[in-house]
Amino acid sequence: MTKYSIFSLVRNALSYHENWQKAWRSPDPKPEYDVVIVGGGGHGLATAYYLAKECGITNVAVIEKGWLGGGNTGRNTTIVRSNYLWDESAALYDHSVKLWETMSQDLNYNVMFSQRGLLHLAHNVHDMQEIGRRGHAIYLNGIDSEFLSPNQVKELVPFINLECRYPVMGALLQRRGGTARHDAVAWGYARACDAMGVDIIQNCEVTGFEIDQGTVKAVETSRGRIGAKKVGVVTAGHSSVMAEMAGFRMPLESFPLQAFVSEPLKPVIDVVVMSNAIHAYISQSDKGELVIGGSGDPYVSYSQRGSFDQIEHVAGPVVELYPIFSRVRMMRQWGGITDVTVDRSPIITKTPVENLYFNCGWGTGGFKATPGSGHVFAHSIAKSEMHDIAAPFSMDRFYTGALIDEAAAAAVAH
């Protein structure tokens, strides 16, 4: 694996950047692996990375039905935060933020993680009560959290309209929150996995599972049978489809979630701003584009395009809050498929099939959890026992009633 540095950059510049080594191989699948990870997005790649790096399991395949990172990993708004209400969620998401903080150094790949801060606006009494409750809970869990007055919000975002149709009554600020480059996360993990011997197999669709006496033995794919001692499924919006193939049901519904970006502008906003009550959030990318998103579409679908009325639903409040953007042109729109549970928290679990594990149900919280999710899932698969941080997110909670209700902290999507 090429060690990226200023010297390798200069050396390759002399050959017009035509001789860079490929970042990862495209091998044919072996007959059998110790672990097969189904899903080549951020979570699947992170799982393979930590299996190889920390658990010593390198005979691993990551299989992806399309191209690497072509699902939700490349179809999100790149926000990173850990300001969740319940202890279980706070532990999981802050574990992830801590891994984000060292990821570029660990992977020797710039994932462009920018801790520019995340501002969560309150527009009514209920919002103020919600951020008050969540802010104090977060503080007790050792996670940074600050309450801001409207004037302090104005100092951070000078062009915001505090007295619009959605008056700003206060805000909750997490300074360690921010954004990262979604594609770079997939590429960085893939490159590091490949260097440790993990096979990344693209254009390989799963068509079924071979299960013998309640134990998974292999994955059936469009490129043939792939034997596996253990299988981890990380397929986001299609997780319920994978579960059905394995003969059981997951408590999931899949909804489109869309976002859009503007033409590039000069730097104008250096913080992520979220609004729960009006379902709109905004940040500015390193290329200058305004990245705008909101709530999921109100219908179940596997489409990767959202409805036009949802764009209007998001754009209206954005223009009210930030009048200076009223004439900015939007360049493109896209959608991802979010898998949503009844308590709006993920599922990281063993399944009724022995040696088959699922990591799903992230809703709109998937990207921010990428490294933490992969880390605890890898250790769970390697040890055949759920990691302490992952244990509360077992699918058993839907039988016991020990739900982790993050409908408010998950905010804009639910």
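Residues numbered from 1 in each chain as written. Predicted model: local features only at pLDDT ≥ 70, side-chain atom pairs only at ≥ 80, totals over all residues. Heavy atoms only, no water.

Trainee: Can you walk me through the nonpolar core in this structure?
Mentor: Proteins that are soluble and globular tend to have nonpolar side chains buried together. By size, the foremost hydrophobic cluster in this structure holds 51 residues, and its most contacted members are Trp100, Tyr189 and Ile348. Listing elements by their share of this core, those giving two or more residues are β1 (32-38), α2 (42-53), β2 (60-63), α3 (87-107), α6 (182-195) and α9 (370-383). Leaving out residues up to four positions away in the same chain, Tyr189 has contacts with Gly42, Leu45, Ala46, Tyr49, Tyr50, Met103, Leu107, Thr370 and Pro371. Counting 28 residues, the second-largest nonpolar core is a separate cluster that includes Val168, Leu173, Ile282 and Phe325. (Core = buried A, V, L, I, M, F, W, Y, C linked by side-chain atoms within 4.5 Å. Buried < 20%, exposed > 50% of the residue type's maximum accessible area, 1.4 Å probe, protein only. Helix = DSSP H or I, 4+ residues; strand = E, 2+ residues; numbered from the N terminus. Contact = heavy atoms within 4.5 Å.)

Trainee: Before we go on, may I ask you to explain the packing of α3 against α9 in this structure?
Mentor: Describing two packed helices takes the angle between their axes plus the distance from one axis to the other. Two elements in contact, α3 and α9, have axes whose closest approach is 7 Å; the angle formed by their N-to-C orientations is 110°. By the angle between their directions, the pair α3 and α9 is classed as roughly perpendicular. Across the interface between the two elements, Leu92, His95, Ser96, Leu99, Trp100 and Met103 of α3 pack against Thr370, Pro371, Gly372, His375 and Val376 of α9. Its residues assigned to classes, the contact of α3 with α9 shows 6 nonpolar, 5 polar and no charged. (Axes fitted to C-alpha atoms, helices over the stretch in contact; angles between N-to-C directions. Parallel < 35°, antiparallel > 145°, perpendicular 65-115°, else oblique. Nonpolar A, V, L, I, M, F, W, Y, C, P; charged D, E, K, R; others polar.)

Trainee: Can you walk me through the layout of surface pockets in this structure?
Mentor: To find leftover empty space, one rolls a probe the size of a water molecule over the atoms. Roughly 430 Å³ of volume is contained in the second largest pocket. Thr78, Arg181, His182, Ser285 and Glu289 are the residues nearest the centre of the second largest pocket, which is lined by 21 residues in total. Broken down by class, the residue content of the lining of the second largest pocket amounts to 5 nonpolar, 9 polar and 7 charged. (1 Å grid on protein atoms, 1.4 Å probe; cavity = no way out; pocket = protein on both sides within 12 Å on 5 of 7 lines; lining within 4 Å. Points joined across faces, edges and corners; volume = space filled by probe spheres on them.)

Trainee: How should I be thinking about helix α8 (residues 308-321) in this particular structure?
Mentor: Since the α-helix packs 3.6 residues into each turn, any two residues three or four apart lie on the same face. Between its first and last C-alpha atoms α8 spans 21 Å; for 14 residues at 1.5 Å apiece the expected length is 20 Å, and the two agree. Of all the residues in α8, the buried ones are Gln310, Val314, Pro317, Val318 and Leu321. Taken around the axis of α8, the buried residues stretch over an arc of 105°, which confines them to a single face. Across from the buried face of α8, at angles greater than 90 degrees, the exposed residues are Phe308 and Glu312. (Expected span 1.5 Å × (residues − 1). Arc of directions from axis to C-beta.)

Trainee: So what exactly am I meant to see when it comes to the pairing of strand β14 (residues 280-284) here?
Mentor: Walk down a regular strand and you will see the side chains alternate between the two sheet faces. Summarising burial for β14: 5 of the 5 residues are buried, a large majority. Where β14 lies against strand β15 (residues 290-294), 5 bridges are found, and the strand directions are antiparallel. Opposite Ser283, over in β15, you have Val291 as the bridge partner. The hairpin formed by β14 and β15 contains 5 residues between the paired strands, and Gly288 there has a positive phi angle of roughly 100°. (Pairing = 2+ DSSP bridges.)

Trainee: Mind showing me how you'd approach the sheet that holds strand β12 (residues 253-262) here?
Mentor: Two modes of strand pairing occur in sheets, parallel and antiparallel, and in both the strands are linked by backbone hydrogen bonds. Within the open sheet, the 8 strands sit side by side as β5-β6-β4-β13-β14-β15-β12-β16. Their pairing is mixed. With one partner strand each, in any of the chains shown, β5 (146-148) and β16 (330-340) form the two edges of the open sheet. Across this sheet, the average inter-strand angle for adjacent strands is 20°, counted without regard to direction. Relative to β15, β12 is paired through 3 bridges, and the arrangement is antiparallel. Within the sheet, the bridge partner assigned to Phe260 lies in β15 and is Ile292.

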